[in-house]
Amino acid sequence: MSLLRVLGRPMLASMFLTGGLNSVRDPESVAPAAEPVVQPVTERVSALPDRTEQAVRLNGAVQVVAGLMLATGRMPRPAALAIAATLVPTTLAGHRFWEAEDPSERAQQRIHFFKNMSMLGGLLIAADDTGARPSVLWRGSHAARDLRRDAGLVRRSVRATARPAAAAGRVRAKLPA
């Protein structure tokens with residue numbers, strides 16, 4: 001693994017580890033800001049908890065677990081996707097700059113909103129990063145191609161040996177026993 005991946009993944013994950021731990025430990029401090037986003041989502045997705053505090057705690061737990069996985073390089077691509085999925089509602093709930101009345105508060109929330117969008121871009125890049133190894137899809141398609149080629153070789157080999165064997169069998173059948 002390259003030095004950039006060894007250093008970059010934990011750096012990217014650090015924000016989600018700290019923010020996720022904060023949400024798991026103290027969801028009540030985040031729940032009022034999350035309410036406008038959590039309620040419409042929980043109405044549509046029955047698997048999510050109904051209470052905002054529980055949804056915030058679940059979101060934080062996913063960020064902590066996926067952040068640890070990303071930081072340690074254990075299944076970093078799914079971990080990055082999981083964090084990206086949690087970052088969207090977090091950003092929409094926490095940095096609604098378009099609703100801020102005070103110009104300085106609006107500017108501050110806009111900065112945080114676009115910071116999160118930048119982190120989302122980094123997570124999407126990390127989710128696509130195969131670590132200089134071929135992806136599972138690439139390996140699967142090449143394995144299938146190799147199997148088709150091998151099957152064609154076996155088929156030609158069987159045909160090549162079957163004809164002389166069939167001719168020898170016909171000759172043997174005509175010979176007296």
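Now for a look at the structure at hand.

Description of the layout of surface pockets
Phase 1: Considering only enclosed or pocket space, the largest pocket measures out at about 740 Å³ in volume.
Phase 2: In terms of lining, the largest pocket is formed by 32 residues, of which the most central are Asn59, Gln63, Thr86, Pro89 and Thr90.
Phase 3: Counting residues per element, the ones that place at least two in the lining of the largest pocket are helix H1 (3–25), helix H2 (31–44), helix H3 (52–72), helix H4 (76–94) and helix H5 (103–128).
Phase 4: Counted as a void, the second largest pocket has a volume near 330 Å³.
Phase 5: If you go around the second largest pocket, you meet 16 residues; those closest to its centre are Pro76, Arg77, Asp129, Thr130 and Arg133.
Phase 6: Mapped by element, the contributors of at least two residues to the lining of the second largest pocket are H1, H4 and helix H6 (136–174).
Phase 7: Take the lining of the second largest pocket: its biggest share by element is three residues, from H4.
Phase 8: Each residue belonging to the lining of the second largest pocket can be placed in one class, and the counts come to six nonpolar, four polar and six charged.

Considering the packing of H1 against H3
Phase 1: In the contact formed by H1 and H3, the axes pass within 7 Å of each other and the chain directions differ by 155°. Here H1 is positioned roughly antiparallel relative to H3, judged by the angle of their axes. H1 and H3 meet at a crossing whose hand is left-handed. Along its contact with H1, which presents Arg9, Pro10, Leu12, Ala13, Phe16, Leu17, Gly19, Gly20, Leu21, Ser23, Val24 and Arg25, the element H3 presents Val56, Arg57, Gly60, Ala61, Gln63, Val64, Gly67, Leu68, Leu70 and Ala71.
Phase 2: A breakdown of the residues in the contact of H1 with H3 according to their chemical character gives 13 nonpolar, six polar and three charged.

Examining a positive patch on the surface
Phase 1: A cluster of basic residues, Arg155, Arg156, Arg159 and Arg163, forms a positive patch at the surface.
Phase 2: When you line up the elements, Arg163 lands in helix H6.

Observations concerning the pattern of salt bridges
Phase 1: Overall, the coordinates contain seven salt bridges when judged by the stated rule.
Phase 2: Between Arg51 and Glu53 there is a salt bridge; the shortest N-O distance is 3.5 Å.
Phase 3: Classification of Glu53 as partly exposed rests on a relative accessible area of 23%.
Phase 4: Look at the salt bridges and you will find they share partners, linking Arg145, Asp146, Arg149 and Asp150 into a network.

What counts, and where the lines are drawn
- Residues numbered from 1 in each chain as written.
- Predicted model: local features only at pLDDT ≥ 70, side-chain atom pairs only at ≥ 80, totals over all residues.
- Heavy atoms only, no water.
- 1 Å grid on protein atoms, 1.4 Å probe; cavity = no way out; pocket = protein on both sides within 12 Å on 5 of 7 lines; lining within 4 Å.
- Points joined across faces, edges and corners; volume = space filled by probe spheres on them.
- Helix = DSSP H or I, 4+ residues; strand = E, 2+ residues; numbered from the N terminus.
- Nonpolar A, V, L, I, M, F, W, Y, C, P; charged D, E, K, R; others polar.
- Axes fitted to C-alpha atoms, helices over the stretch in contact; angles between N-to-C directions.
- Parallel < 35°, antiparallel > 145°, perpendicular 65-115°, else oblique.
- Left-handed = near helix turned anticlockwise from the far one by under 90°.
- Contact = heavy atoms within 4.5 Å.
- Patch = residues over 30% accessible without salt bridge, like charges linked within 9 Å, V, L, I, M, F, W, Y side chains within 5 Å.
- Areas by Shrake-Rupley, 256 points an atom, 1.4 Å probe, with all protein chains shown as cover.
- Salt bridge = Lys/Arg side-chain N within 4 Å of Asp/Glu carboxyl O.
- Lys, Arg positive; Asp, Glu negative; His and termini not counted.
- Charge placed at Lys NZ, Arg CZ, Asp CG, Glu CD.
- Buried < 20%, exposed > 50% of the residue type's maximum accessible area, 1.4 Å probe, protein only.

Nothing here speaks to function; it is all geometry.
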